[in-house]
Amino acid sequence: MADTEYCRRTAVTGLSVSPTDATRLRELVEEWKRGCQLAVNEAWGVCHTRSEVQQLAYDVLREETDLGSQHAVLATHRAAEAIKRARDGGEKPEFTAPTVAFDTRTMTVFDDRTVSLTTTRERVRCELDVPDDGGYQTEYLDDERWEPAKSALHYRDGEFVFHLGFRTPRPGMDPPTEGATVLGVDLGVENLAVTSTARFFPAGDLQHRREEFERVRASLEATGTRSAQRTLRQAGYRLDQQVGHRLHEVANGIVAETDRYDCDLVAFGELDEVREMLPDAGPYHQWLFERLLSFVEYRAAERDIAVVEVNPEYTSQRCMECGFTHPQNRNLDAGQFECLKCGASANDDYNAAKNIAFRCVRRGPLSSRGLGAAACALQSGVVTPDDGFTPYAELSEAPKSD
Ligand SMILES: [Zn+2]
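Residues numbered from 1 in each chain as written. Predicted model: local features only at pLDDT ≥ 70, side-chain atom pairs only at ≥ 80, totals over all residues. Heavy atoms only, no water.

**Topic: the overall build of the protein chain**
At step 1: In terms of regular secondary structure, the protein chain is built from 10 helices and 18 strands.
At step 2: Relative to its 402 residues, the protein chain shows a buried fraction of 49%.
At step 3: Counted over contacts in the protein chain with a minimum sequence separation of 6, partners at least 24 positions apart contribute 65%.
At step 4: With an accessible surface of roughly 19900 Å², the protein chain has 45% of that area assigned to carbon and sulfur atoms. (Helix = DSSP H or I, 4+ residues; strand = E, 2+ residues; numbered from the N terminus. Buried < 20%, exposed > 50% of the residue type's maximum accessible area, 1.4 Å probe, protein only. Contact = heavy atoms within 4.5 Å. Areas by Shrake-Rupley, 256 points an atom, 1.4 Å probe, with all protein chains shown as cover.)

**Concerning helix 2 (residues 50-64)**
At step 1: Taking 1.5 Å of rise per residue, 15 residues should cover 21 Å, and helix 2 covers 20 Å from first to last C-alpha, within 8% of that figure.
At step 2: The largest bend in helix 2 amounts to roughly 45° and is located at Ala 57.
At step 3: Turning to helix 2, its buried residues are Val 53, Ala 57, Val 60 and Leu 61.
At step 4: Close packing links the buried residues of helix 2 with helix 1 (19-43) and helix 3 (69-86). (Expected span 1.5 Å × (residues − 1). Bend = angle between axes of the 7 residues up to and from the residue.)

**Some thoughts on the environment of Val 100**
At step 1: Considering the arrangement of structural elements, one finds Val 100 in strand 2 (residues 99-102).
At step 2: Owing to a relative accessible area of 0%, Val 100 belongs among the buried residues under this scheme.
At step 3: C-alpha of Val 100 to C-alpha of Leu 74: the two residues are 26 residues apart in sequence and 9.3 Å apart in space.
At step 4: For Val 100, the contacting residues outside a window of four places in its chain are Leu 28, Val 29, Trp 32, His 71, Ser 151, Ala 152 and Leu 153.

**Focus on the sheet that holds strand 7 (residues 159-169)**
At step 1: Strands sit in the order 2-6-7-1-5-4-3 across an open sheet of 7 strands; the sheet is antiparallel. The strands lining the two open edges of the sheet, one partner per strand, are strand 2 and strand 3 (107-109). On average, each strand axis in the sheet is tilted by 30° relative to the strand beside it, whichever way the strands run.
At step 2: By the bridge criterion, 3 bridges tie strand 3 to strand 4 (residues 114-117) in an arrangement that is antiparallel. Bridged to Val 109 within strand 4 is Val 115. (Pairing = 2+ DSSP bridges. Axes fitted to C-alpha atoms, helices over the stretch in contact; angles between N-to-C directions.)

**A short note on the coordination of the zinc ion**
At step 1: In the first shell of the zinc ion, the protein supplies Cys 319 (SG), Cys 322 (SG), Cys 339 (SG) and Cys 342 (SG), at 2.3 to 2.4 Å from the metal.
At step 2: Geometry at the zinc ion is tetrahedral, judged from its 4 donor atoms and the angles of 108 to 113° they form at the metal.
At step 3: Judged by relative accessible area, which is 5%, Cys 339 ranks as buried.
At step 4: Judged by relative accessible area, Cys 342 falls into the partly exposed class, the value being 40%. (Donors = N, O, S within 2.8 Å, 3.2 Å for Na, K, Ca; no water. Tetrahedral: all angles 85-135°; square planar, octahedral: opposite > 155°, others 65-115°.)

**Brief notes about the pairing of strand 7**
At step 1: Judged from the 9 bridges that link them, strand 1 (residues 6-16) and strand 7 form a sheet pairing that is antiparallel. Residue pairing across strands places Arg 9 opposite Phe 166, the latter belonging to strand 7.
At step 2: Bridge analysis of strand 6 (residues 147-156) against strand 7 gives 8 bridges, and the strand direction is antiparallel. Note that in strand 7 the partner of His 154 across the bridge is Val 161.
At step 3: What sits between strand 6 and strand 7 in their antiparallel hairpin is a turn of 2 residues, with Asp 157 showing a positive phi close to 50°.

As structure tokens, then:
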């Protein structure tokens with residue numbers, strides 16, 4: 001799987017698009033939807049791998065749509081993914097979302113923060129709407145280690161938004177993990193992050209700010225004036241900064257835990273998987289997680305601490321005390337882990353964070369990746385449903401959550 005060799009991030013930006021270019025991009029959106037649908041119609045019930053669907057539907061798309069050759073290829077791949085997802089008893093996919101995929105053959109990102117995009121006619125070149133004072137997007141745009149990758153254009157409420165994908169080779173795992181002590185971090189919606197040392201970082205404020213922004217968006221979009229659009233953009237930047245501020249605090253807190261427990265390695269669950277496992281997580285959380293991870297990577301690198309992403313499968317279902325793994329080990333309403341077999345109970349996220357750390361341990365029960373770490377940093381205290389985290393005396397100055 002080529003995908004696992006790269007870390008992937010997404011920078012979401014507005015696009016400044018001239019009226020002529022906007023028309024072209026809207027045409028492309030329509031042709032793209034039509035192309036994906038045609039490919040699904042051809043392949044539904046026949047095949048589902050990318051290469052099969054491409055072989056079957058490519059000529060049809062070239063004949064019956066205005067898509068260029070590479071967008072026709074991408075549309076067949078998009079159709080294949082949709083078919084694969086719907087295969088187990090699902091209904092035939094319908095393409096209605098105004099979204100187009102791009103890759104490095106259909107887009108070029110320039111140093112002057114413009115992007116040129118293939119359309120059904122000639123290419124258009126648009127400015128990326130990056131905040132003047134430097135949003136998180138610049139961390140990828142201005143860093144040569146991140147190269148542009150699979151991206152997506154979204155058309156919503158009369159505006160184009162670009163999800164600019166970046167990738168960088170996953171760092172080699174061998175030297176830093178050998179004999180390392182690992183800090184596991186579980187990501188979530190209610191608690192943005194929980195460490196295997198039982199430090200909790202609630203997300204309360206971030207959820208609230210996002211809801212506030214959505215309220216502002218709804219009322220301004222109803223107005224629809226140019227000044228309303230400007231106000232909305234400013235509100236977006238403000239959200240971006242507030243979120244960034246909080247995420248820096250959380251990243252600092254996580255790195256502080258590595259100091260406190262003398263860790264060489266921080267482990268997260270693979271972000272795509274993590275999001276799929278969280279029913280309440282949407283694109284906003286994906287965005288939060290990606291930014292948090294890049295902040296942690298940045299700070300960890302200064303201390304020679306490696307950051308890895310491990311397969312998070314079953315980390316929320318496995319009992320840290322006895323190893324028994326079952327979906328019903330979780331009491332979702334109470335946010336509690338309650339083992340059906342041994343009766344052990346713990347905070348749900350904390351249990352998962354410990355399992356994530358154990359994924360890295362050599363010959364450990366979950367060491368599918370065999371990272372070769374030697375130990376997990378665990379909390380020196382207890383977590384109970386009523387009292388939360390109770391540290392041992394010698395750690396009592398430590399904050400139990402922030
Ligand atoms: Zn158990």
